[in-house]
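These are the residues of each chain, in order.
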Amino acid sequence: MPKISVLLPIRNAESYVERCLQSVFDQTLSDFEMVAVDDGSTDDTLRKLDGLSSDTRLRVFTNRNMASGKPLHVGLARVCNQALALARGDYVAFIAHDDLWLPTKLERELSTARAHGADVIFSDFILRSETGVDSVIHISEFDVTRLKRECYINASGALISRAAINRLGEKAFDESLYSAMDWDFWIRLGQFDKFEHLAETLSIYTRHRGQIARGLRHELAKYKVYSRYNKGRVRYALTVLIKPYLSRILHYPWKLIWH
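Colleague: Just checking my understanding: could you explain the pairing of strand 9 (residues 195–206) for this structure?
Modeller: For a regular strand, side-chain orientation follows a simple rule: the groups alternate between the two sheet faces. Note that strand 5 (residues 100–101) and strand 9 share 2 bridges and pair antiparallel. Bridge pairing in strand 9 places Trp-101 opposite Ser-203. Direction of pairing for strand 6 (residues 120–128) relative to strand 9: parallel, over a ladder of 9 bridges. Its bridge partner being in strand 9, Asp-124 is matched across the sheet by Thr-201.

Colleague: Teacher, can you tell me more about the nonpolar core here?
Modeller: The nonpolar side chains of a soluble globular protein tend to be buried, and buried together. Judged by nonpolar contacts, the single largest core of 37 residues is most densely connected at Ile-160, Phe-173, Phe-185, Trp-186 and Leu-189. Those elements giving two or more residues to this core turn out to be strand 2 (32–38), helix 3 (76–86), strand 4 (91–94), strand 6, strand 8 (158–161), helix 6 (162–166), helix 7 (181–190) and helix 8 (215–229). Among the elements that make up this core, the one with the highest residue count is helix 7 (6 residues). Aside from chain neighbours lying at most four places away, what touches Phe-185 is Ile-160, Ile-165, Leu-168, Ala-172 and Phe-173. Core analysis: the next-biggest nonpolar cluster, separate from the first, contains 29 residues, Phe-25, Leu-29, Met-34 and Leu-159 among them.

Colleague: Would you mind showing me how to read the environment of His-73 here?
Modeller: As for its position among the elements, His-73 is in the loop between strand 3 (58–62) and helix 3. Residues within four places of His-73 in sequence aside, it is in contact with Arg-11, Asp-39 and Gly-40. Within polar-contact distance, the side chain of His-73 engages the side chain of Arg-11 at 3.2 Å.

Colleague: When you look at the packing of aromatic side chains in this model, what are you seeing that I'm missing?
Modeller: What describes a pair of aromatic rings is the distance from one ring centre to the other and the angle between the planes of the rings. Inspection of the entire model under this criterion finds 9 aromatic pairs. Between Phe-122 and Tyr-152, the aromatic rings sit 6.3 Å apart at their centres with planes inclined by 65°, giving edge-to-face as the arrangement. Here Tyr-152 lies in the loop between helix 5 (144–149) and strand 8 and Phe-122 lies in strand 6, a separation of 30 residues in the sequence. We classify Phe-122 as buried; its relative accessible area is 0%. Members of the aromatic cluster, connected to one another through ring pairs, are Phe-94, Phe-122, Phe-142, Tyr-152, Phe-173, Phe-185, Trp-186 and Phe-195. A cation over a ring is seen here: Lys-105 above Trp-101, with NZ or CZ 4.2 Å from the ring centre. If you follow Arg-217 out to its NZ or CZ, it ends over the ring of Tyr-178, 4.0 Å from the centre.

Calculation criteria
- Residues numbered from 1 in each chain as written.
- Predicted model: local features only at pLDDT ≥ 70, side-chain atom pairs only at ≥ 80, totals over all residues.
- Heavy atoms only, no water.
- Pairing = 2+ DSSP bridges.
- Helix = DSSP H or I, 4+ residues; strand = E, 2+ residues; numbered from the N terminus.
- Core = buried A, V, L, I, M, F, W, Y, C linked by side-chain atoms within 4.5 Å.
- Buried < 20%, exposed > 50% of the residue type's maximum accessible area, 1.4 Å probe, protein only.
- Contact = heavy atoms within 4.5 Å.
- Polar contact = N/O pair within 3.5 Å; in protein donor to acceptor, adjacent residues only side chain to side chain.
- Phe/Tyr/Trp six-rings, centres within 6.5 Å; stacked < 30°, edge-to-face > 60°.
- Lys NZ or Arg CZ within 6 Å of the ring centre and 35° of its normal.

Laid out in structure tokens, this is it:
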């Protein structure tokens, strides 16, 4: 069995998938499998995944309607749970289709996990803007109190032991959440398991307009997670939800904010 399962939940990612997968295949540590679960893509994503299938470490699964055979969209949280159910490694690493890994990412995180006996390793990352401007994000040591207030861990920049994930049960990701399910995932892991920060820049997080982590639905999902673990919900709603969107409505009333 592979030491690490690399999990790729993916949907309509034809512009990103090839370079994303190549950054995984270029890892200095080669003892891994890659499980890509397609959430009913309607673009050229599946064809591009098929073109990369010569690497036997890649396994591709897709959600389809059983009756019609057409692509079926089930949501990111469910796809993440599906990928976890298919994973065979002792450790799991997620990568978003629009993110990239630097070559030593898996090697450095695995060696750090072993050296410190940690359940979760999270590393620094590069934040890449839509215009291609890079900023290095240096993360501080793990603090579960801070994590309950803000999600500062990049999902593509972490390595998690399978044993820790198993303690969360069959549905490690909350399928009632439209987004921000990774934030809820880290908080629940952080209350019981050992996290270790690796102060090395090992992944690239790309910010662009097509991301799920944008818009009012995403902010509402974040509010739902915040409310589970914190007091001061009204203050959070006023500063994070109401104030910025009220300002947008007043200045740009013709623009849709729900996307």
